[in-house]
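Structural characterization, general
Listed here are the chains, written in short residue letters.
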Amino acid sequence: MTAVTRFRSVVLDCPDPRALARFYAGVVGGTPQDDDPEWVVLDVPGGPRLSFQRAEGYTPPEWPRADRNSQQFHIDFDAGSTWEEIEEAERKVLSLGAKALHAEDKDDFRVYADPAGHPFCLCRIDPHRRLPVQV
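My aim in this report is to walk through the structure given alongside it, one point at a time.

Criteria and cut-off values
- Residues numbered from 1 in each chain as written.
- Predicted model: local features only at pLDDT ≥ 70, side-chain atom pairs only at ≥ 80, totals over all residues.
- Heavy atoms only, no water.
- Buried < 20%, exposed > 50% of the residue type's maximum accessible area, 1.4 Å probe, protein only.
- Helix = DSSP H or I, 4+ residues; strand = E, 2+ residues; numbered from the N terminus.
- Pairing = 2+ DSSP bridges.
- Core = buried A, V, L, I, M, F, W, Y, C linked by side-chain atoms within 4.5 Å.
- Contact = heavy atoms within 4.5 Å.
- 1 Å grid on protein atoms, 1.4 Å probe; cavity = no way out; pocket = protein on both sides within 12 Å on 5 of 7 lines; lining within 4 Å.
- Points joined across faces, edges and corners; volume = space filled by probe spheres on them.
- Nonpolar A, V, L, I, M, F, W, Y, C, P; charged D, E, K, R; others polar.
- Salt bridge = Lys/Arg side-chain N within 4 Å of Asp/Glu carboxyl O.

**Here's the deal with the pairing of strand E7 (residues 109–113)**
By the criterion of burial, E7 is predominantly enclosed, with four of the five residues buried. What sits between E7 and strand E8 (residues 119–123) in their antiparallel hairpin is a turn of five residues, with Gly 117 showing a positive phi close to 100°.

What follows is the structure in structure tokens.
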């Protein structure tokens, strides 16, 4: 299939763009470009940009509820191939301000919320297991 566009960035609404950009810089690396307190860009090394925009009256998603305030989307992070690597990543994201939402081992991932309440997963990726190709 021929692409129509190139993927540029994911934009997250939040009450404090600078704070959330610093959180994700601690998770994935990079340096936030925060010249504008309303819009902060994080160039993720080896990945797409994450951008953060101030949203007045921001209401965080209610995980796992989708009946009245859907999570809209979540981010999956490859945190390693062993549970030891996941546990180390978990310690780091919690120290950065994440909150565990579903931290027991389940289907090779654990679910957390960033400081603004957006859900994300730390995924255990088995490099030997091939995932089905989706069409």
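**Details of the nonpolar core**
Core analysis: the biggest nonpolar cluster contains 23 residues, and Leu 20, Tyr 24, Leu 42, Leu 50, Phe 52, Phe 120 and Leu 122 have the highest contact counts within it. Among the elements that take part in this core, helix H1 (residues 17–28) stands out by supplying five residues, more than any other. Ignoring any residue separated from it by four or fewer positions in sequence, one finds Phe 120 in contact with Phe 23, Tyr 24, His 74, Ile 75, Phe 77, Val 93, Ala 98, Arg 110, Val 111, Tyr 112, Ala 113 and Asp 114.

**Observations concerning empty space enclosed by the protein**
Scanning the entire structure with this criterion turns up one cavity of 30 Å³ or more. Each pocket or cavity is described by its volume, and for the largest cavity that value is around 50 Å³. Considering the residues around the largest cavity, the lining is formed by ten residues, among which Leu 12, Phe 73, His 74, His 118 and Pro 119 are closest to the centre. Classifying every residue of the lining of the largest cavity gives seven nonpolar, three polar and no charged.

**Re the pattern of salt bridges**
The tally for this structure, following the rule as stated, stands at seven salt bridges. Between Glu 88 and Lys 92 there is a salt bridge; the shortest N-O distance is 3.8 Å. Here Glu 88 pairs with Lys 92, and both are found in helix H2 (residues 83–96), just four residues apart, close to one helical turn. Across the pair Glu 90 and Arg 110 runs a salt bridge, and its minimum N-O distance is 3.6 Å. With a gap of 20 residues between them, Glu 90 in helix H2 and Arg 110 in strand E7 connect regions that are remote in the sequence. Owing to a relative accessible area of 16%, Glu 90 belongs among the buried residues under this scheme. Each of Glu 87, Glu 90 and Arg 110 takes part in a single network of salt bridges with overlapping partners.

Worth remembering: the numbers are spatial, not functional.
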